[in-house]
Amino acid sequence: QIAQELAVANATELVSKLTENCFEKCLTAPYSTNNEACVDQCLTKYMKSWNAVSKAYVARIQEASTSGEI
Amino acid sequence: QIAQELAVANATELVSKLTENCFEKCLTAPYSTNNEACVDQCLTKYMKSWNAVSKAYVARIQEASTSGEI
Amino acid sequence: QIAQELAVANATELVSKLTENCFEKCLTAPYSTNNEACVDQCLTKYMKSWNAVSKAYVARIQEASTSGEI
Amino acid sequence: KEIAAFLESENSKQKVQMSIHQLTNTCFKNCVSSITDSNLNAQEEECLSSCVNKFLDTNIRLVKGLQNSQ
Amino acid sequence: KEIAAFLESENSKQKVQMSIHQLTNTCFKNCVSSITDSNLNAQEEECLSSCVNKFLDTNIRLVKGLQNSQ
Amino acid sequence: KEIAAFLESENSKQKVQMSIHQLTNTCFKNCVSSITDSNLNAQEEECLSSCVNKFLDTNIRLVKGLQNSQ
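Let me sum up the structure you'll find in this document. As the structure is a prediction and not an experimental result, all values here were calculated from the model.

## So, the overall build of chain D
Here is step 1: The secondary structure content of chain D amounts to two helices and zero strands.
Here is step 2: The C-alpha radius of gyration computed for chain D amounts to 17 Å, which surpasses the reference 11 Å derived for 70 residues by more than 25%, pointing to a less compact arrangement than a globule.
Here is step 3: Summarising its shape, the C-alpha atoms of chain D cover approximately 50 × 35 × 15 Å along the three principal directions.
Here is step 4: Accessible surface computed for chain D: about 4,100 Å², of which carbon and sulfur atoms make up 49%.
Here is step 5: Taken as two groups, the 7 positive and 8 negative side-chain charges of chain D have centres that lie 11 Å from each other.

Next up, the structure:
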């Protein structure tokens, strides 16, 4: 059950950051036009960025723990 | 008692966002002058915005739950 | 033990704000160069700012509680 | 059971309140450019309402997009 | 009772610490424009101190304004 | 004991996840300037990876600097 709560916390954090970033990149005041194509592209691009960041982070942490840096 | 704690949490959040926004809009580095009139107007304007946002949010949520969108 | 947990929370908050601010001031996209000298100077400058802010904050709070402002 | 229902309902009221605080913060920053008086003009009011609706549209679209990608 | 008093006092010390972290973050961003060495110059030091005082002035004025509007 | 070990391991997995959320947020904002399609180009991918590494370098350097100053 704890694992499930953590999964919910993770999904909530992801949705919150996604919404913040894609709203910022795809819509601007006075918000008179929609930009759904941009939102869809932003979703894909953000998830690809998430993967790239994870890969770099995990690689860096492994390297650092092997070399005794941390 | 829980309801009271939530009311305190709400008031704290409101004061924190109000201070952040009105400080940002009414004062600028090097902070040599006061701008109390601006702070007072900002308070009123922020509370009016809070009401406008609440109205739009509640209307949108009701519409979405009627149409089965969410 | 509680005091220790609070000390950890404080240190975590300090490291998080320090990293955010010094990363912002010393490194810029596309992140092709290092800037370690800047990071070291930023650390010292941030800690000096922390002391200046603490001093001003404590003085202000003491003044306000003496004058009955708060 | 009554306590559980009370907590559940307080919890969802609290989430709505916190969403309104966050939306007011975001939309005030984007729609209210300067404080010259304490009234919201028609353009700002329109912008705040659109901002809320477009933010929620974006949020719902991203959640559906994430669900479809799984 | 002693435990309650200890917790109370730790709690308010912690709030002061967290306020100082937040103020240092805000005022450092606004008063320290670039990192050219590790010293605070006179202008930055003055700015940090004003920033703290003006931020607290704004906060107190807003809280009083909210209380009067009720 | 098994429960404690399980909680400990969930806790550190969760910290890694939250770091990745924060890094994706920071690096996406700095490396992805506009959404014209849903792909990361080579330059953006390179920037994201450097951003992660430079952010962690900065973090580790600051923690070591703080420890040395004590």
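## Some details on the nonpolar core
Here is step 1: Membership of the largest hydrophobic core comes to 102 residues, with the highest contact counts inside it found for Leu18 of chain A, Leu18 of chain B, Leu18 of chain C, Val52 of chain D, Val52 of chain E together with Val52 of chain F.
Here is step 2: Residues within four places of Leu18 of chain A in sequence aside, it is in contact with Phe23, Leu43, Tyr46 and Met47 of chain A together with Leu62 and Leu66 of chain D.

## Details of the side chain of His21 of chain D
Here is step 1: By the element assignment, His21 of chain D lies in helix α1 (residues 2–31).
Here is step 2: Residue class for His21 of chain D comes out buried when judged on its relative accessible area of 3%.
Here is step 3: Of the polar contacts made by the side chain of His21 of chain D, one reaches the side chain of Trp50 of chain B; its length is 3.4 Å.
Here is step 4: Once residues within four sequence positions are removed from consideration, His21 of chain D is found in contact with Asn10, Glu13, Leu14, Lys17, Tyr46 and Trp50 of chain B.

## Quick word on the interface of chain C and chain F
Here is step 1: Each side of the interface is counted separately: chain C has 18 residues, and chain F has 16 residues.
Here is step 2: Roughly 1,500 Å² of surface becomes buried between chain C and chain F when both sides are summed, with 73% attributable to carbon and sulfur atoms.
Here is step 3: Scanning the region where chain C abuts chain F turns up two salt bridges.
Here is step 4: Arg61 of chain F is paired through a salt bridge with Asp40 of chain C; the nearest N and O atoms lie 2.8 Å apart.
Here is step 5: Summed over the shared surface of chain C and chain F, the number is five residue pairs in polar contact (both at pLDDT 80 or more).
Here is step 6: Within the residue set of the side of chain C that touches chain F, elements represented by two or more residues are α1 (2–26) and α2 (36–66) of chain C.
Here is step 7: Here the side of chain C that touches chain F gets six residues from one element, more than from any other, and that element is α1 of chain C.

## Considerations on the pattern of salt bridges
Residue and element names in this part refer to chain E.
Here is step 1: Taken as a whole and assessed by the stated rule, the structure comprises 24 salt bridges over all chains.
Here is step 2: The partner of Lys13 in a salt bridge is Glu10, with the nearest N and O atoms 3.2 Å apart. Here Lys13 pairs with Glu10, and both are found in helix α1 (residues 2–31), just three residues apart, close to one helical turn.

## What about unusual backbone geometry?
Here is step 1: At the junction of Ala29 of chain A and Pro30 of chain A, the peptide bond is cis and its omega measures out at 5 degrees in the coordinates.
Here is step 2: For Pro30 of chain A, the position within the fold is in the loop between α1 (2–26) and α2 (36–67).

## Some details on the interface of chain A and chain F
Here is step 1: With 30 residues of chain A in contact, the opposing surface of chain F contributes 32 residues.
Here is step 2: Of the roughly 3,100 Å² buried where chain A meets chain F, counting both sides, 65% is carbon and sulfur surface.
Here is step 3: Applying the counting criterion to the chain A and chain F interface returns four salt bridges.
Here is step 4: Residue Lys29 of chain F pairs with Glu24 of chain A through a salt bridge whose shortest N-O separation is 3.6 Å.
Here is step 5: Counting only elements with at least two residues in the side of chain A that touches chain F, the list comes to α1 and α2 of chain A.
Here is step 6: For the side of chain A that touches chain F, the leading source of residues is α2 of chain A, giving 15 residues.

## Comments concerning the state of the cysteines
Here is step 1: Counting across every chain of the model gives twelve disulfides over all chains.
Here is step 2: Note on cysteine connectivity: Cys22 of chain A is disulfide-linked to Cys42 of chain A, with sulfurs 2.0 Å apart. Residues Cys22 of chain A and Cys42 of chain A are joined by a disulfide whose S-S torsion is about -85 degrees; by sign, that bridge is left-handed. Of the two residues, Cys22 of chain A sits in helix α1 while Cys42 of chain A sits in helix α2, which places them 20 residues apart along the sequence. Of the two residues examined, Cys22 of chain A and Cys42 of chain A, each falls in the buried class.
Here is step 3: The residue that forms a disulfide with Cys31 of chain D is Cys47 of chain D, at a sulfur-sulfur distance of 2.1 Å. Taking the torsion about the sulfur-sulfur bond, which here is approximately -70 degrees, the covalent link between Cys31 of chain D and Cys47 of chain D counts as left-handed. Of the two residues, Cys31 of chain D is situated in helix α1 and Cys47 of chain D in helix α2 (residues 42–69); the sequence distance between them amounts to 16 residues.
Here is step 4: For Cys31 of chain D, a relative accessible area of 9% puts it in the buried group.
Here is step 5: On the basis of relative accessibility, which here comes to 5%, the residue Cys47 of chain D falls in the buried class.
Here is step 6: When the bonded cysteines of chain D are numbered from the N-terminus onward, they pair as 1-4, 2-3.
Here is step 7: Sequence-ordered numbering of the disulfide-bonded cysteines in chain A gives the connectivity 1-4, 2-3.

## Section: the packing of aromatic side chains
Here is step 1: For the structure shown, the criterion picks out nine aromatic pairs over all chains.
Here is step 2: With centroids separated by 5.3 Å and ring planes inclined at 15 degrees, the aromatic side chains of Phe23 of chain A and Tyr31 of chain A adopt a geometry described as stacked. Side by side, Phe23 of chain A and Tyr31 of chain A carry an identical accessibility label, which is buried.
Here is step 3: Relative to Phe28 of chain F, the ring of Tyr46 of chain A has its centre 4.8 Å away and its plane inclined at 65 degrees; by these criteria the two rings are edge-to-face. Residue Tyr46 of chain A is found in helix α2, and its partner Phe28 of chain F is found in helix α1 (residues 2–31); the two belong to separate chains.
Here is step 4: When its relative accessible area of 1% is taken as the criterion, Tyr46 of chain A is described as buried.
Here is step 5: Three or more aromatic residues link up through ring pairs in this structure, and these residues are Phe23 and Tyr31 of chain A together with Phe55 of chain D.

Here is what the cut-offs are and how they apply
Residues numbered from 1 in each chain as written. Chains lettered and ligands numbered in written order. Predicted model: local features only at pLDDT ≥ 70, side-chain atom pairs only at ≥ 80, totals over all residues. Heavy atoms only, no water. Helix = DSSP H or I, 4+ residues; strand = E, 2+ residues; numbered from the N terminus. Rg over C-alpha atoms; globule rule 2.2 N^0.38 Å. Areas by Shrake-Rupley, 256 points an atom, 1.4 Å probe, with all protein chains shown as cover. Lys, Arg positive; Asp, Glu negative; His and termini not counted. Charge placed at Lys NZ, Arg CZ, Asp CG, Glu CD. Core = buried A, V, L, I, M, F, W, Y, C linked by side-chain atoms within 4.5 Å. Buried < 20%, exposed > 50% of the residue type's maximum accessible area, 1.4 Å probe, protein only. Contact = heavy atoms within 4.5 Å. Polar contact = N/O pair within 3.5 Å; in protein donor to acceptor, adjacent residues only side chain to side chain. Buried area = accessible area lost by both parts, 1.4 Å probe. Salt bridge = Lys/Arg side-chain N within 4 Å of Asp/Glu carboxyl O. Disulfide = S-S within 2.5 Å. Phe/Tyr/Trp six-rings, centres within 6.5 Å; stacked < 30°, edge-to-face > 60°.

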